Amino acid sequence: LTSFTHSFTHSVSGKNVTTWEIFEKSKNLLVEPRSSSEFNAVIRDFEIKAKVGSGAIFFAVCRGKASEGIDFSDHCARAVIITGMPFPPIFDPKIRLKREYLDQNVRDYLKITRNQGNQRNQGNQGRNQSTVQVTSSTNTSGLNGNAWYTQQAARAVNQALGRVIRHKFDYGAIILADERFAFGRQRNALSKWVRIKATQEQCSCNYRIIVRVLFIG
């Protein structure tokens with residue numbers, strides 16, 4: 001998040017002003033803090049500032065407390081923008097081990113089904129017995145490590161998108177600022193209530209320019 005917001009501090013081409021400064025002229029800007037002790041105070045500040053003037057913008061990360069555990073209803077969220085795909089850190093040891101575990105489970109299950117097929121074809125249950133046994137931990141769903149990894153990104157996106165609509169009278173805009181959301185796998189992973197309303201806009205503009213148009217005019 002720090003590197004993302006820092007990108008707005010560079011001067012706009014041809015002007016002696018940064019994107020962040022342009023934003024500040026129209027909106028109150030708040031950033032999700034790293035420290036949990038500061039979080040509640042920042043949220044309260046945002047809720048107050050979102051009610052006055054032209055409102056406020058809150059920058060947060062997917063899988064964080066703000067994107068999954070806070071109720072941003074009504075005036076607190078009239079739009080949510082997702083920039084990029086929030087995949088878990090691929091080199092994290094826990095992520096790597098989880099992917100390897102699922103891949104191995106899929107290989108075990110495929111080996112079992114192949115051996116069972118061979119046994120039926122030979123008509124002899126005593127031959128070619130599988131050395132791999134089906135247990136409660138054997139992955140029989142076909143979910144391999146890569147599918148799980150993609151699923152985690154989709155879950156984080158859907159959780160974040162859910163911040164904008166909190167009750168049947170609520171409303172807001174959803175902007176998915178990454179062309180990968182137009183692909184079948186990523187699009188189909190969106191929650192149904194989002195997927196049926198999604199439209200694709202072709203635009204080669206820099207995402208900072210898109211945000212400026214949407215929020216500043």
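Quantities reported herein were computed from a predicted structural model and do not represent experimental measurements. (Residues numbered from 1 in each chain as written. Predicted model: local features only at pLDDT ≥ 70, side-chain atom pairs only at ≥ 80, totals over all residues. Heavy atoms only, no water.)

Engineer: I keep staring at the overall build of the chain and nothing clicks. Help me out?
Structural biologist: Each helix and strand counted, the chain has nine helices and four strands in total. Looking at the chain residue by residue over its 217 residues, the buried ones come to 34%. Look at the contacts in the chain between residues 6 or more apart in sequence, and 70% of them connect residues 24 or more apart. When the accessible surface of the chain is split by element, carbon and sulfur atoms take 50% of a total near 13800 Å². (Helix = DSSP H or I, 4+ residues; strand = E, 2+ residues; numbered from the N terminus. Buried < 20%, exposed > 50% of the residue type's maximum accessible area, 1.4 Å probe, protein only. Contact = heavy atoms within 4.5 Å. Areas by Shrake-Rupley, 256 points an atom, 1.4 Å probe, with all protein chains shown as cover.)

Engineer: Looking at this structure, how should I read the packing of aromatic side chains?
Structural biologist: The way to describe two aromatic rings as a pair is by their centre distance and the angle between their planes. Under the defined criterion, the tally for this structure stands at five aromatic pairs. Their ring planes at 40 degrees and their centres at 6.1 Å tell us that Phe58 and Phe72 sit as a pair that is tilted. Here the residue Phe58 occupies a position in strand S2 (residues 56-59), and Phe72 occupies one in the loop between helix H4 (65-69) and strand S3 (79-83), the gap between them amounting to 14 residues. Within the aromatic cluster, the residues linked to one another by ring pairs are Phe46, Phe58 and Phe72. Arg78 extends its terminal NZ or CZ atom over the ring of Tyr171, reaching a point 3.7 Å from the ring centre. Directly above the aromatic system of Tyr149 lies the positively charged group of Arg99, at a separation of 4.6 Å from the ring centroid. (Phe/Tyr/Trp six-rings, centres within 6.5 Å; stacked < 30°, edge-to-face > 60°. Lys NZ or Arg CZ within 6 Å of the ring centre and 35° of its normal.)

Engineer: What's the story with the pairing of S2 in this structure? I'm lost.
Structural biologist: Both faces of S2 are covered, namely the face carrying Ala56 and Phe58 and the face carrying Ile57 and Phe59. Pairing between strand S1 (residues 28-31) and S2: four bridges, direction parallel. Counted as the bridge partner of Leu29 is Ile57 from S2. Read from S1 through helix H3 (residues 36-49) to S2, the crossover connection turns out right-handed. (Pairing = 2+ DSSP bridges. Right-handed = clockwise from strand over helix to strand, strands pointing away.)

Engineer: Just to check I follow, could you spell out the pattern of salt bridges for this structure?
Structural biologist: Close approach of charged atoms lets side chains of opposite charge pair. Overall, the coordinates contain six salt bridges when judged by the stated rule. A salt bridge links Asp45 to Lys49; the nearest nitrogen and oxygen atoms lie 3.2 Å apart. Separated by four residues within a single helix, Asp45 and Lys49 lie in helix H3, roughly one turn from each other. For Lys49, a relative accessible area of 28% gives the class partly exposed. When the shortest N-O distance is used, the salt bridge between Arg166 and Asp71 registers 2.9 Å. You can see Arg166 sitting in the loop between helix H6 (145-161) and strand S4 (173-177) and its partner Asp71 sitting in the loop between H4 and S3, a full 95 residues away along the chain. On the basis of relative accessible area, Asp71 is assigned to the partly exposed category, the value being 43%. (Salt bridge = Lys/Arg side-chain N within 4 Å of Asp/Glu carboxyl O.)

Engineer: What's the story with the nonpolar core in this structure? I'm lost.
Structural biologist: Most often, soluble globular proteins have nonpolar side chains that are buried together. Phe46, Phe58, Phe72, Ile82 and Leu161 are the most contacted members of the largest nonpolar core, which totals 24 residues. Secondary-structure elements contributing two or more residues to this core are H3, S2, S3 and H6. The residues touching Leu161, leaving out its near neighbours within four places in the chain, are Val80, Ile82, Ile174, Leu176, Leu190, Trp193 and Val194. In terms of nonpolar packing, the next biggest core, distinct from the first, is built from six residues, Phe8, Phe23, Leu29 and Phe59 among them. (Core = buried A, V, L, I, M, F, W, Y, C linked by side-chain atoms within 4.5 Å.)

Engineer: Sorry if this is basic, but what is going on with helix H2 (residues 19-26) here?
Structural biologist: Since there are 3.6 residues in each turn of an α-helix, residues three or four apart along the chain are aligned in direction. Residues of H2 that are buried include every one of Thr19, Trp20, Ile22 and Phe23, and no others. Taken down its axis, H2 places every buried residue within 160 degrees of arc, on the same side. (Arc of directions from axis to C-beta.)

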